[in-house]
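Chain residues, written in single-letter form:
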Amino acid sequence: MGRSGEVTGYRNDGVQTAVALVNAGDATPGELAELLVSYKFKVDRPLTGEEARTLRAWARDLRPVFAETALERVVDVLNALMLSVPMHPHLSDHGLGPHLHYGPPGAPLVDRVRANTAVGLAFVVCERGADRLGVCLARGCDRVYADVSRGPRRQYCSKTCLNRATVAAHRSRKAAPPT
């Protein structure tokens, strides 16, 4: 963990990449490439249709990690995901300072994404607990989130959903007859 107690570095990128992939739904190859670049993955050519299909399938495989409430089940799902990905953890320094890579040296982009997201989520579960991963509680929202903060546990994917839920609860209380 970093000085502030948050999951940092490559792990944090993997965690937030996992969240973004799950929330991306049926993103196009171009949208997926942009998403990966925004999380500092090296994307040196357009994604193929097959790579995009594999990433969308991986996102569907990741969703249960966020949706499950039983720690044992989350552990089982993550272990199965990590076993399904070629991994060879190693230190790397390509101008960013020493850091861990989880995929084998020279691994294809999709394998690097899969390894990084699975390991990142595993670190969150180990360091913060499975209850730090979840599906937004806002009505009509099925986006996922990962809470790596030191503060109270989050229950919404965004401040927008939190604010909507807070306003709805306030209006409901105001509309209820006094007791």
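Residues numbered from 1 in each chain as written. Predicted model: local features only at pLDDT ≥ 70, side-chain atom pairs only at ≥ 80, totals over all residues. Heavy atoms only, no water.

Draft legend 1. Representation of the pattern of salt bridges in the model. Scanning the entire structure with this criterion turns up five salt bridges. A salt bridge links Glu-68 to Arg-73, with the shortest nitrogen-to-oxygen separation between them at 3.6 Å. Classification of Glu-68 by relative accessible area gives partly exposed; the value is 27%. Accessibility expressed as a relative area gives 40% for Arg-73, which makes it partly exposed. Its salt-bridge partner being Asp-147, residue Arg-132 comes within 3.5 Å of it at the nearest N-O pair. (Salt bridge = Lys/Arg side-chain N within 4 Å of Asp/Glu carboxyl O. Buried < 20%, exposed > 50% of the residue type's maximum accessible area, 1.4 Å probe, protein only.)

Draft legend 2. The packing of helix 3 (residues 49-67) against helix 4 (residues 71-83), seen in detail. Axis separation between helix 3 and helix 4 bottoms out at 8 Å; the angle between their running directions is 155°. With respect to their mutual orientation, helix 3 and helix 4 come out roughly antiparallel. Contacts from Trp-58, Asp-61, Leu-62, Pro-64 and Val-65 in helix 3 reach Val-74, Val-77, Leu-78 and Leu-81 in helix 4. In terms of residue class, the contact of helix 3 with helix 4 is built from eight nonpolar, no polar and one charged. (Axes fitted to C-alpha atoms, helices over the stretch in contact; angles between N-to-C directions. Helix = DSSP H or I, 4+ residues; strand = E, 2+ residues; numbered from the N terminus. Parallel < 35°, antiparallel > 145°, perpendicular 65-115°, else oblique. Contact = heavy atoms within 4.5 Å. Nonpolar A, V, L, I, M, F, W, Y, C, P; charged D, E, K, R; others polar.)

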